[in-house]
Structures are given as structure tokens and as C-alpha cells.
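Below, each chain spelled out in residue letters.
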Amino acid sequence: MHFNLIRMLKQAALGLLLTSVLAQAADISKKDGGKWQAPIPTVAENSDDWKALIPALIEHGMPYGALAAARSMLNFFADLPSKELAYKTIIQLIDSGYPYPTRPHFIPGDIEPAANSDFGKNYFFYKALADLDKKMNRWAQAQFEKVDKDNFPKYIFYQALQAYGAGQMPEAIALVKKSLSLTPGSGSLSFAHKQARTLARFYYEHEDFDKALDIYQTFLLQLNPIVPGDWL
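In this text the structure is predicted, and so the values were computed from the model without any measurement.

## Some details on the nonpolar core
- Core analysis: the largest hydrophobic core is formed by 35 residues, its most contacted members being Tyr87, Ile90, Phe106 and Phe125.
- Here this core takes eight residues from helix H5 (residues 118-133), the largest share from any one element.
- Counting 21 residues, the second largest nonpolar core, distinct from the first, contains Ile156, Met169, Phe191 and Ala212.

Right under this line is the structure:
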């Protein structure tokens, strides 16, 4: 526990370094009709350094620092490779179970990746959710139209939650099961956990207790570490 606390503090310190210190180092001035301008500090002006930094942070188990670096790249650089790396990093962190909100970072997104690529599907999906958070429903629908609605598991899981919210429990259960069947076995463990936990809860609320208990006993309670709420 002591080691984890030290590592968390180190990551927090790195996040502050990448976001606060660099921002303070910039010579911020208000010019050109009221637009704020912040020149990139010399120490951070080479995008290749950031492109090397982010994989190193992830490799060394420092997701908070990696997110801070990705956010800084979005602020500092306008070229497409830098933006794509930043968003790919954020998506990778989400898939690994990043515990804090990331949707706001997609709001200013202005790139158009191939919609049939894994990156494109994820990018447009999260951008749509960010638009929904801002009550921009028409923009969100336009983003959702770029997603493969029949085969993209994250969108199908989103549909399941919508069905649950509308009180359509059988449909919600069917959609979660479909989402799980389409989820790849590698790189999506955190998402699979979330789907399984949701399905168990749906079964429980549907009073299909045996199926709910089976998910907990054969999967969720076999994980390491175990989520305490699963015992409850």
C-alpha cells in the first residue's frame, strides 16, 4: 500500500509538471482581437519528445502522467499525427480502466479519422458522448452515424444502458450479451469486466438470480484484485 501511494504521488506530481508548470512557464498574452495566446515553452516545443514520452509513461505504469501528456499535446500542437497520438492515448487509457472522466478532452476534437478503423470508431463514439454531455444532441447523432452501430461493442453496450433506462430489461440484457460476444479477448479486459458486472446486475434486477450468481462466482469473484462491491 505504501508503494502504491508513493507511485500515485509521483504520477500526480508528473501531471502537475506537465499541465501547471508548463502553462505557468508560457508567456501568456491577450492579442489579436481578444484571443488568448500561449507560446509553447522551449523545453516542450518538439513534438517528437512528447511522442517518445507518452509510450514510456504507459510502459512504466503511469497513466495519470500519460493523460497529462496527451492533454498537453492537444493544447500545444495542431498537426494531425500529434492529435491522433493524443486521442489514441486517451482511448487506450479508457480501455485500461482509467478511473476519472476523460470525455471533455474530446469536445474540441476536429480530426476525421477513417470511420472503419478501430481508432475512428472509438474517437467518434467518445466524441458523441462528449456532445451529449454538452446537450448538443444533433452533433452527437452526427457522430454516432459514423460508428458501426451493429458491430461496435461499446455502442451496443451504450444502447443496453439506454434500454435499461427506459425500463426495457429483456432488451437491455440481450444487448449486453451481444456486446460481450463482440468484445475482443485482448486489450479490453476492463470493458469486459464492466459488461459482465452490468449483466449480472441486470439479471439480479430481473430476478434471474441463478444467472446473476453464476457470473459473480465463475468470473467476477475470480478476478485479482476482486472489487469489494462484487462480494456485496
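## A short note on helix H9 (residues 189-205)
- Counted at 1.5 Å a residue, the expected span for H9 with its 17 residues is 24 Å, and the 24 Å between its end C-alpha atoms agrees.
- Inspection of H9 places Phe191, Ala192, His193, Gln195, Ala196, Thr198, Leu199, Ala200, Phe202 and Tyr203 among the buried residues, and these make up the whole buried set.
- Buried residues along H9 sit against helix H4 (80-95), helix H7 (153-165), helix H8 (169-182) and helix H10 (209-218).
- In the segment just after H9, Glu207 is the residue with positive phi, at about 65 degrees.

## Some thoughts on the packing of helix H3 (residues 63-76) against H4
- It is the contact of H3 with H4, at a shortest axis distance of 9 Å, that shows an interaxial angle of 150 degrees. Viewed along their axes, H3 and H4 adopt a mutual orientation that is roughly antiparallel. Considering only the axes of H3 and H4, their crossing is left-handed. Contacts between H3 and H4 involve Pro63, Ala66, Leu67, Ala70, Met73 and Leu74 on the former and, on the latter, Ser82, Lys83, Leu85, Ala86, Tyr87, Thr89, Ile90 and Leu93.

## Things to note about the packing of aromatic side chains
- Tallying each qualifying case throughout the model produces 21 aromatic pairs.
- For the ring pair Tyr98 and Tyr100, a centre distance of 6.2 Å and an interplane angle of 75 degrees mean the geometry is edge-to-face.
- The interplanar angle of 80 degrees and the centroid separation of 6.4 Å between the aromatic rings of Phe125 and Tyr158 together place this pair among those described as edge-to-face. With Phe125 in helix H5 and Tyr158 in helix H7, this residue pair connects regions lying 33 residues apart in the sequence.
- Among the aromatic residues, those joined into a ring-pair cluster are Tyr87, Phe106, Phe119, Tyr123, Phe124, Phe125, Tyr126, Phe144, Phe152, Tyr155 and Tyr158.

Conventions and cut-offs
- Residues numbered from 1 in each chain as written.
- Predicted model: local features only at pLDDT ≥ 70, side-chain atom pairs only at ≥ 80, totals over all residues.
- Heavy atoms only, no water.
- Core = buried A, V, L, I, M, F, W, Y, C linked by side-chain atoms within 4.5 Å.
- Buried < 20%, exposed > 50% of the residue type's maximum accessible area, 1.4 Å probe, protein only.
- Helix = DSSP H or I, 4+ residues; strand = E, 2+ residues; numbered from the N terminus.
- Expected span 1.5 Å × (residues − 1).
- Contact = heavy atoms within 4.5 Å.
- Axes fitted to C-alpha atoms, helices over the stretch in contact; angles between N-to-C directions.
- Parallel < 35°, antiparallel > 145°, perpendicular 65-115°, else oblique.
- Left-handed = near helix turned anticlockwise from the far one by under 90°.
- Phe/Tyr/Trp six-rings, centres within 6.5 Å; stacked < 30°, edge-to-face > 60°.

The values reported here are purely geometric and, on their own, carry no functional implication.
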